[in-house]
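# Summary of the model geometry
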Amino acid sequence: MSSSDDDTTAPWVSIAKQPDWQDLEPIEQPVSLSPVVAIKYTTRVKELYSYFRAIRATKELSSRALWLTQEVIYVNSADYTAWAYRWHCLESLGNLDDEMAFIKEMASRSPKNYQLWNHRRKFAFKRGASYAQEELAYAAECLAEDAKNYHAWAHRQAIVRHFGLWQQELEAVHKLLAEDVRNNSAWNQRFFIISESTIVPEERADELQFVKGKILECPYNESSWSYFRGLLTLPDMKRQPGLLGSVASFTLQVLEEAPSCPPALTLLGDMCTMGNVQERKKCLVQHLHILQELHNADPLRSPYWQAQMQHLVNEVHATA
């Protein structure tokens, strides 16, 4: 079988000329009599896909089928059908020894390829818990290059969830937030851990103190405020007696130290909508005053706050 790489100048040895493919009749792509736009495939691509159709038609899961998926992926790394068929071949053959080399090769060519990351995830699950740290280390390496790499964070979450590495990940995220309290991706990861793990309610209550400390450290940081609001939506948090009063007191404390802090004002305004029906009009008026302050404190989003004020004015008139 021929070898292949991204170098389009490398000689392509036709599959039809290779001895171990003589038993398979390629299936060419059906051609429309009047195509809107005819795709100009290279000879190599047309031949690869013709044999790939034939392999799939016979449901062959062999070493040569595995090799063929490799060649198809080389010319089109986004072909999810080729990746899926490759995985079926690997499962049928029962040999994953050489697959990591291919995964690393493709990662160097197309590091943010959805199909590649999905393939790596299935590969990691198949290899088992003894390789979990290797996967986390790889994700960390990717994040060191790009802290907002969606694929690396998603892979990290999948590994943590599958192998139950919640406490280890919580410690890792704690370190990231100590380095940069504005790391929105790290706050998102922390919420993933707190909301999906088996952490007991008492420990979640400690989370409130943790995030409050981070907010006081950097009051204008919207990431920590978003995390704070997220915690308040968790079922066991919502059942805590006196929670809203405690949150309101803390928010007012922040506003004493950081007047006109937009995230604090936004939360305080939203809490006005949680008042009881009897005090509805009073709450709306309070919310209106807060929105006016936001309009002045957050000029970048002043059109948004202006629209919110108009909406509230209409509500106030409706309740008159």
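All values derive from a computational prediction rather than experimental measurement. (Residues numbered from 1 in each chain as written. Predicted model: local features only at pLDDT ≥ 70, side-chain atom pairs only at ≥ 80, totals over all residues. Heavy atoms only, no water.)

## A word on the overall build of the chain
- If you tally the helices and strands in the chain, you get 16 helices and 0 strands.
- Computed over C-alpha atoms, the radius of gyration of the chain comes to 28 Å, more than 25% over the 20 Å expected from 2.2 N^0.38 for 320 residues, which places it beyond the range of a compact globule.
- Expressed along its principal axes, the backbone C-alpha trace of the chain runs to roughly 85 × 55 × 35 Å.
- Residue burial in the chain is summarised as follows: out of 320 residues, 45% are buried.
- Residue pairs at least 24 apart in sequence account for 62% of intrachain contacts in the chain once pairs closer than 6 positions are excluded.
- Taken as a whole, the chain presents about 17800 Å² of accessible surface, with 54% of it coming from carbon and sulfur.
- Counting 33 positive and 40 negative side-chain charges, the chain places the centres of these two groups 4 Å from one another. (Helix = DSSP H or I, 4+ residues; strand = E, 2+ residues; numbered from the N terminus. Rg over C-alpha atoms; globule rule 2.2 N^0.38 Å. Buried < 20%, exposed > 50% of the residue type's maximum accessible area, 1.4 Å probe, protein only. Contact = heavy atoms within 4.5 Å. Areas by Shrake-Rupley, 256 points an atom, 1.4 Å probe, with all protein chains shown as cover. Lys, Arg positive; Asp, Glu negative; His and termini not counted. Charge placed at Lys NZ, Arg CZ, Asp CG, Glu CD.)

## Concerning the nonpolar core
- Among the nonpolar cores identified, the biggest contains 51 residues, and Trp 225 and Phe 228 are the most heavily contacted of them.
- Discounting chain neighbours no more than four positions away, the residues touching Phe 228 are Leu 208, Val 211, Lys 212, Ile 215, Val 247, Phe 250 and Leu 267. (Core = buried A, V, L, I, M, F, W, Y, C linked by side-chain atoms within 4.5 Å.)

## What to know about the side chain of Gln 70
- In this structure, Gln 70 sits in helix α2 (residues 63–75).
- Accessibility expressed as a relative area gives 18% for Gln 70, which makes it buried.

## Notes on the layout of surface pockets
- Each pocket or cavity is described by its volume, and for the largest pocket that value is around 370 Å³.
- In terms of lining residues, the largest pocket is bounded by 17 residues, among which Gln 29, Val 31, Ile 39, Tyr 41 and Lys 46 are the most central.
- A class-by-class count of the residues in the lining of the largest pocket yields 9 nonpolar, 4 polar and 4 charged. (1 Å grid on protein atoms, 1.4 Å probe; cavity = no way out; pocket = protein on both sides within 12 Å on 5 of 7 lines; lining within 4 Å. Points joined across faces, edges and corners; volume = space filled by probe spheres on them. Nonpolar A, V, L, I, M, F, W, Y, C, P; charged D, E, K, R; others polar.)

## A few points about the pattern of salt bridges
- Counted according to the given criterion, the structure contains 15 salt bridges.
- Here Arg 161 and Glu 196 are joined by a salt bridge, their closest N and O atoms 3.1 Å apart. Highlighted residues: Arg 161 in helix α7 (residues 150–163) and Glu 196 in helix α9 (residues 184–196), separated in sequence by 35 residues.
- With a relative accessible area of 41%, Arg 161 lands in the partly exposed category.
- One network of salt bridges, with partners in common, ties together Arg 120, Arg 127, Glu 134 and Glu 135. (Salt bridge = Lys/Arg side-chain N within 4 Å of Asp/Glu carboxyl O.)

## Quick notes on the packing of aromatic side chains
- Taken as a whole and assessed by the stated rule, the structure comprises 17 aromatic pairs.
- With a centroid separation of 6.3 Å and an interplanar angle of 45°, the aromatic rings of Tyr 114 and Tyr 150 are classed as tilted. Here the residue Tyr 114 occupies a position in helix α5 (residues 114–127), and Tyr 150 occupies one in helix α7, the gap between them amounting to 36 residues.
- According to the relative accessible area criterion, Tyr 150 is exposed, its value standing at 54%. (Phe/Tyr/Trp six-rings, centres within 6.5 Å; stacked < 30°, edge-to-face > 60°.)

## As for the state of the cysteines
- Counted by the stated rule, this structure contains 0 disulfides.
- Its sulfur unpaired, Cys 261 is 9.1 Å from the next cysteine sulfur, which belongs to Cys 218.
- Residue Cys 261 is classed as buried on the basis of its relative accessible area of 0%.
- Unpaired in this structure, Cys 272 has its nearest cysteine sulfur neighbour in Cys 283, at a distance of 6.0 Å. (Disulfide = S-S within 2.5 Å.)

## A short note on the environment of Ala 152
- Structurally, Ala 152 can be placed in helix α7.
- Judged by relative accessible area, which is 0%, Ala 152 ranks as buried.
- Sequence separation between Ala 152 and Leu 136 is 16 residues, and the spatial gap between their C-alpha atoms is 9.0 Å.
- The residues contacting Ala 152, other than those within four sequence positions of it, are Trp 117, Ala 139, Cys 142 and Leu 143.

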